[in-house]
There are 2 protein chains.
Amino acid sequence: MAKIREPLFDLPITLPPKASRDRLRAVHAQLRAAILDGRLQPDTRLPSTRGFAAALGVSRNTALAVYDLLLSEGYLVVRPSSGTYVAAISPRPARRPPGESEADGRLSAAWRRAQPVLPAVDGSFRFDFRLGLPDKSAFPFPVWGRLSARALRAWSKTAAAYDHPQGRPALRAAIAKHVSYARAVSCSPEDIVVTAGAQQAFDLLARILVTPGRTVVAVEEPGYPPLRDAFTAAGAKLAAVPVDEEGLRVDRLPADARMICVTPSHQFPLGITLSARRRVALLEFAQERGVVIVEDDYDGEFRLGGRPLDALQTLDRAGSVCYVGTFSKSLFPELRLGFVVAPPWAHDALVAAKACADWYCPTPSQDTLAAFIDEGHLVRHVRKMGKVYGERRGALLRALSRYGGERLQPIGDAVGLHLAVKLSEEIPADELVSSAAADGIRLHALERYALGRPAPNGLALGYGMIPSEQIDAAVARLGQIMSRLG
Amino acid sequence: MAKIREPLFDLPITLPPKASRDRLRAVHAQLRAAILDGRLQPDTRLPSTRGFAAALGVSRNTALAVYDLLLSEGYLVVRPSSGTYVAAISPRPARRPPGESEADGRLSAAWRRAQPVLPAVDGSFRFDFRLGLPDKSAFPFPVWGRLSARALRAWSKTAAAYDHPQGRPALRAAIAKHVSYARAVSCSPEDIVVTAGAQQAFDLLARILVTPGRTVVAVEEPGYPPLRDAFTAAGAKLAAVPVDEEGLRVDRLPADARMICVTPSHQFPLGITLSARRRVALLEFAQERGVVIVEDDYDGEFRLGGRPLDALQTLDRAGSVCYVGTFSKSLFPELRLGFVVAPPWAHDALVAAKACADWYCPTPSQDTLAAFIDEGHLVRHVRKMGKVYGERRGALLRALSRYGGERLQPIGDAVGLHLAVKLSEEIPADELVSSAAADGIRLHALERYALGRPAPNGLALGYGMIPSEQIDAAVARLGQIMSRLG
C-alpha cells in the first residue's frame with residue numbers, strides 16, 4: 001500500500017487500551033512531539049483522517065479530533081484542495097553570514113566575548129586568605145531571623161504594591177543616620193538610593209554618567225575589577241591611574257577624565273588610605289572640571305587603629321561625590337544590599353535607572369535591615385567584628401614578620417578586611433599562589449587586580465575567612481614555600 | 001472673583017497657541033514644576049476643572065486631561081466629596097544656578113531628561129482596578145515564613161561566599177521543573193538565569209542584544225512601558241507593531257527588526273492570546289532572519305478557562321526565544337525574583353551581564369523560593385488563585401454587561417489578572433478615569449500603555465486588588481458616571 005510509505009506511519013505510536021479515554025490524548029501528544037523534535041518534517045503531507053485511523057487502529061472520530069487539536073495549536077496547516085501538512089515550525093537554520101556563530105549574529109559586540117562565569121573554587125583549602133568576604137560565624141542570626149520574621153508579618157498584612165525604586169523610606173532614614181554617625185557622611189534620606197549591593201551602585205552610576213565610546217573614567221591601578229567591568233559594559237574609556245603610598249596619584253589623572261573611581265578609606269587592593277592633601281587635590285580637580293567622583297567605601301567601617309580621615313563626600317562642597325556603601329562586608333554579601341549617597345543633581349536619573357534595572361530591592365529584606373540598623377545591631381556587630389579583624393590583622397603582621405622577613409613587606413593602613421604585601425623580586429607571586437594552593441592555602445596575587453603589566457609583585461591577604469589561631473601556622477607554611485621558591 | 005485668589009491662578013502659566021497639541025503638555029509641565037519646587041504647596045486645593053479651564057482659557061478637556069495626568073503621576077490626590085489637592089510631595093531645594101545645569105554637564109544624554117519617579121498614589125480609593133498586582137491576602141505567609149526561617153538557618157551555617165550569578169542550583173532546578181510542567185517550556189536548569197524580577201530580565205536581555213543606536217526592537221502597541229524603558233535605555237530603536245484580535249500583527253513587523261518583544265499568552269494590556277497561526281508566522285519570521293524573540297509570560301499561569309496554547313519557547317526549534325517568567329504575579333512582586341529561560345548561545349553573555357549588573361540575587365530568598373516550589377506550594381497557590389481570579393473575572397464580565405452595555409466592550413481571553421475593555425467613542429477614557437477617581441474608583445486608561453496617538457479608547461481593569469463582592473457595586477457606579485459623561 002502506498003500510504004504505508006508516508007512518514008507518519010513510520011512513527012512508533014504507542015496506544016493505550018481500546019476504549020480508553022486517553023487514546024486521543026496519547027496520539028495527540030506523540031504526534032506533537034514528533035513534529036517538535038523534527039521527526040515529522042515541515043511540509044510533510046499527512047494522510048487523510050480515514051487513512052490515519054485505519055493505519056493506527058483508532059476510530060475515525062479520534063483521528064479527526066487529533067487533527068483538529070493539532071490544527072488549532074498551529075502544528076498542522078490545511079492547504080485548501082491539497083490536504084493537511086506539518087506546519088513550518090521545525091528546525092530551520094537561521095540565515096547568517098558564514099563563519100558567524102549564532103551568538104555573534106545576535107549578541108551586541110560588547111557581549112560577544114563574554115566568558116563563562118565559573119563558580120568560585122570551593123574549599124579543599126585548609127587556610128583561606130580569600131579577599132573581600134566577611135566572617136559571618138559571629139553574625140547574630142537569631143536576631144536577624146527574628147527581625148526578618150517580624151518584617152514579613154508586618155508586610156504580609158499590607159496590600160501588594162510596587163515599591164518606590166529609591167528604597168523603603170525607613171531604610172533610607174536608617175542608612176542616612178548610620179552613615180552620618182559612622183562615616184561623617186552628610187546626607188538626608190532623600191539623598192540615599194538603595195541598591196542591590198555596591199555592584200549595582202557602580203552599574204547604575206556608569207549608566208547615567210557614561211556616554212558610550214566617549215566618557216573617560218579614571219580608575220585606580222591596581223583596582224577593583226568588577227567596578228571596571230560595570231564601566232566597560234557602559235562603554236566607558238578606562239584610564240588606569242597609579243597608586244603610591246599616599247593613594248591615588250592625583251597628578252596623573254588624565255585631563256579629559258569625566259569621572260574618577262576611588263577607594264579613599266582603604267585602597268583596593270593595596271590597602272592604602274588616601275592622604276589628606278591628596279583628598280583636597282582630588283576634590284579641587286573634580287570641582288574645577290565638573291568631574292564626578294565615585295567614592296567606594298567598601299570596608300571603611302572597619303578601622304582597626306589610627307585616626308580616620310573623613311570621607312571625600314564629607315569634604316565635598318560642590319556635589320561632585322557619589323558615595324557608595326555596602327552591607328556586604330559589615331553584614332554579609334548574600335543580602336545584596338548597598339546604597340549610593342547621591343548629590344541632588346543625580347537623584348532623578350539614578351532613581352530612574354534603578355527603576356529601569358530591576359524596579360526596586362526586595363521589600364522584606366529592606367525592612368529587616370532597617371530594623372537591624374535602628375535597633376543598634378549594625379553598630380554593635382561592626383564594633384565586635386572590628387575587634388576580631390583587628391586581632392587577625394595583628395596576628396598576620398606578627399606572623400609575616402616572623403616567617404616572611406624581608407621577602408614579605410606589608411603595605412597599607414589598619415583598615416578593613418585585608419592586608420596587602422609586597423613580595424621580593426625573586427619570588428614571583430603567581431608561583432607562590434600556585435605552590436600555596438597545592439599546599440592547602442588559598443592566596444590572591446595582586447596582579448589579579450591590575451590592568452597593566454608588569455603588575456606589582458605581591459599578595460592581598462584577606463582575613464575574613466581565617467580564624468586568628470590559624471594564621472601563624474598558615475604563614476609559617478608560606479615561609480617554607482617561599483624558601484623553596486626564592 | 002473669588003477663584004482668582006486660589007494660589008493656582010497666581011502661577012505664571014505660558015500657553016502655546018490655541019489648538020496646538022502641545023497645550024496639554026505645557027500646562028502639565030508647568031503645574032508639575034510648581035508642585036515640585038514648592039510654589040504649589042501640599043494640601044493646596046485645586047479649582048474644579050471647569051474653573052481651571054475658564055481661568056486659563058483652555059478647553060475643559062485639556063483641563064481634565066492635565067488633572068488626570070497629575071493624578072496618575074501622584075502629584076495630585078482626590079479626596080472623595082471634597083475635591084482635588086496637591087499631594088504631600090516634599091519640595092526639593094531649588095536646584096541650581098542658571099546656565100548649563102549640573103546634571104547636564106555630568107549625566108549622559110540619555111538620562112538628562114529623567115523624570116522623578118514618584119511614589120504610586122496610595123489609596124483613598126474605595127474600588128481599586130489597578131493593574132498588575134496580585135491579591136496577596138490569600139498567600140500562605142505562615143508557610144513562607146517557615147521556609148524562610150529554615151533557609152536562613154541552613155544558610156547561616158555555611159561560610160560567606162559570593163554566589164554564582166546564574167542563580168542557586170536548587171532554585172534553577174525547581175524553576176526548570178515547574179515551567180516544564182506548568183507551561184510546557186522545555187528546558188534544563190542550565191538554561192535558567194535567575195533575575196531580580198522580569199524587569200531585570202528585560203534589562204539584561206536589552207544589554208546583551210542591543211547595539212546602541214542601531215538595533216531595531218519591535219514592541220507591541222499598546223504594550224508594557226517598563227519593558228520599553230529598558231530597551232530605550234540600552235539604545236534600541238523601538239518599532240511599535242499593532243495588535244489585533246489575533247495578537248501581534250506579524251505582517252507589520254519591520255524588515256530590519258533584530259528583536260521582537262511579545263506577550264503571547266495574554267497580550268499586555270489588551271489581554272488577547274496570540275493565535276496559533278500567528279505563533280507559527282512569528283517563529284518563521286524570527287528563524288529566517290536570525291531575530292531574537294523575548295517572550296514575556298507575565299501572567300500566563302492564570303488560565304481561567306479555555307484551552308491553553310503552548311509557549312513560543314515550546315514551539316521554537318531554532319533557539320530564537322528567550323522566555324521570561326516572573327514570580328511577581330504568581331506570588332508577590334516584593335520578592336523581586338524572576339527568570340529567563342535562555343537558548344544556549346545566550347548563556348554566557350546573560351550570566352556575565354547579571355554579574356556586572358548586581359552579581360547575584362539574594363541567597364536566602366532564592367533558597368526559600370526553591371523550597372516553596374519543591375514542596376508544591378507554588379502550584380497549589382496558583383491553582384487556588386486561579387479560581388479566585390476566575391470568579392472575579394466572571395463577576396466583572398457580568399457587571400460590565402449589566403451596567404456597561406454597548407458602551408463597554410470586553411476584549412481578550414480568559415487569562416491572567418486583568419481584563420481590557422473598549423469604550424464607545426462618546427466616552428473618552430481619560431475623562432472616565434478622572435471622574436471615576438473623584439468617585440473613589442481607580443482605573444487605568446489604555447492610552448497609558450500606547451506609544452502612539454490616538455491611543456485606543458478603553459480601560460484595562462485589574463482584578464488583583466478588588467474582591468469579587470465589590471465588583472458589581474463598582475461597575476454600577478462606573479455605569480452612572482458613563483451616563484453623565486456620554
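What counts, and at which threshold
- Residues numbered from 1 in each chain as written.
- Chains lettered and ligands numbered in written order.
- Predicted model: local features only at pLDDT ≥ 70, side-chain atom pairs only at ≥ 80, totals over all residues.
- Heavy atoms only, no water.
- Helix = DSSP H or I, 4+ residues; strand = E, 2+ residues; numbered from the N terminus.
- Phe/Tyr/Trp six-rings, centres within 6.5 Å; stacked < 30°, edge-to-face > 60°.
- Buried < 20%, exposed > 50% of the residue type's maximum accessible area, 1.4 Å probe, protein only.
- Lys NZ or Arg CZ within 6 Å of the ring centre and 35° of its normal.
- Salt bridge = Lys/Arg side-chain N within 4 Å of Asp/Glu carboxyl O.
- Pairing = 2+ DSSP bridges.
- Contact = heavy atoms within 4.5 Å.
- Axes fitted to C-alpha atoms, helices over the stretch in contact; angles between N-to-C directions.

A.B. asks: Hey, could you run me through unusual backbone geometry in this one?
C.D. replies: Glycine aside, a negative phi is what most residues show, and trans is what most peptide bonds show. In this structure, A:P454 follows A:R453 across a cis peptide bond, with omega equal to 0°. Within the fold, A:P454 resides in the loop between β15 (444-445) and β16 (458-462). Backbone torsion omega between B:E221 and B:P222 reads 0°, so that peptide bond is classified as cis. Mapping B:P222 onto the fold places it in the loop between β5 (216-221) and α9 (225-233).

A.B. asks: Sorry, what's going on with the packing of aromatic side chains here?
C.D. replies: Where two aromatic rings form a pair, the distance of their centres and the angle of their planes describe that pair. Scanning the entire structure with this criterion turns up 36 aromatic pairs over all chains. For the pair A:F139 and A:F332, a centre-to-centre distance of 5.0 Å together with 90° between the ring planes defines the contact as edge-to-face. Of this pair, A:F139 sits in the loop between β3 (127-128) and α6 (141-156) while A:F332 sits in the loop between β10 (321-326) and β11 (338-341), and the two are 193 residues apart along the sequence. A:F332 shares its class with A:F139; the two are buried. Considering the side-chain rings of B:F302 and B:Y389, the 5.1 Å spacing of their centres and the 90° angle between planes classify their relative orientation as edge-to-face. Of this pair, B:F302 sits in the loop between β9 (292-296) and α11 (312-315) while B:Y389 sits in helix α14 (residues 377-404), and the two are 87 residues apart along the sequence. A residue is classified by how much of its surface remains accessible, and B:F302, at 1% relative accessible area, is buried. Exposure remark for B:Y389: the relative accessible area of 1% places this residue in the buried category. Three or more aromatic residues link up through ring pairs in this structure, and these residues are A:F139, A:F141, A:W144, A:F332, A:F372 and B:W155. Over the face of the ring belonging to A:Y85 we find A:R79, whose NZ or CZ atom lies 4.3 Å from the ring centre.

A.B. asks: Help me understand the pattern of salt bridges, please; the structure alone is not making it clear to me.
C.D. replies: Working definition: two side chains of opposite charge can pair if their charged atoms are close together. Tallying each qualifying case throughout the model produces 39 salt bridges over all chains. Across the pair A:R150 and A:E375 runs a salt bridge whose closest N-O atoms are separated by 3.0 Å. Here A:E375 lies in the loop between α13 (363-374) and α14 (377-404) and A:R150 lies in helix α6, a separation of 225 residues in the sequence. Among the residues examined, A:R150 registers a relative accessible area of 37% and is labelled partly exposed. A salt bridge links B:R477 to B:D439, with the nearest nitrogen and oxygen atoms 3.2 Å apart.

A.B. asks: Explain the pairing of strand β1 (residues 76-79) of chain B to me, please; I cannot follow it from the model alone.
C.D. replies: On a regular strand, one side chain projects to one face of the sheet and the next to the other, so that they alternate. Residues and elements named next belong to chain B. Residue alternation in β1 divides its side chains into a buried set, L76 and V78, and an unburied set, V77 and R79. Here 4 bridges tie β1 to strand β2 (residues 83-86), and the two strands are oriented antiparallel to one another. Residue pairing in the sheet places V77 in a bridge with Y85 of β2. Linking β1 back to β2 in an antiparallel pair, the connection comprises 3 residues, with S81 at a positive phi of about 50°.

A.B. asks: Teacher, can you tell me more about the sheet that holds strand β4 (residues 192-195) of chain B here?
C.D. replies: Each strand in a sheet pairs with its neighbour through backbone hydrogen bonds, running either in the same direction (parallel) or in the opposite one (antiparallel). Residues and elements named next belong to chain B. Strands sit in the order β4-β11-β10-β9-β8-β5-β6-β7 across an open sheet of 8 strands; the sheet is mixed. The sheet is open, and its two borders are formed by β4 and β7 (247-248), each paired with just one other strand. The sheet contact formed by β9 and strand β10 (residues 321-326) spans 4 bridges and is parallel. Along β10, the bridge assignment pairs E295 with Y323. On top of the sheet, helix α8 (residues 197-209) reaches β4, β8 (257-262), β9, β10 and β11 (338-341); it is set at about 155° to β10, its chief contact.

A.B. asks: Where do I start with the sheet that holds strand β12 (residues 408-411) of chain B in this structure?
C.D. replies: Residues and elements named next belong to chain B. If you trace the 4 strands from one edge of the open sheet to the other, you get β12-β13-β16-β15, paired in antiparallel fashion. Across the chains shown, the open sheet's two edge strands, defined by having one partner strand only, are β12 and β15 (444-445). The pairing of strand β13 (residues 418-423) with strand β16 (residues 458-462) spans 5 bridges and is classified as antiparallel. Bridge pairing in β16 links A420 to A460. On the sheet, helix α15 (residues 429-438) packs against β13, β15 and β16 and is oriented at approximately 45° with respect to β16.

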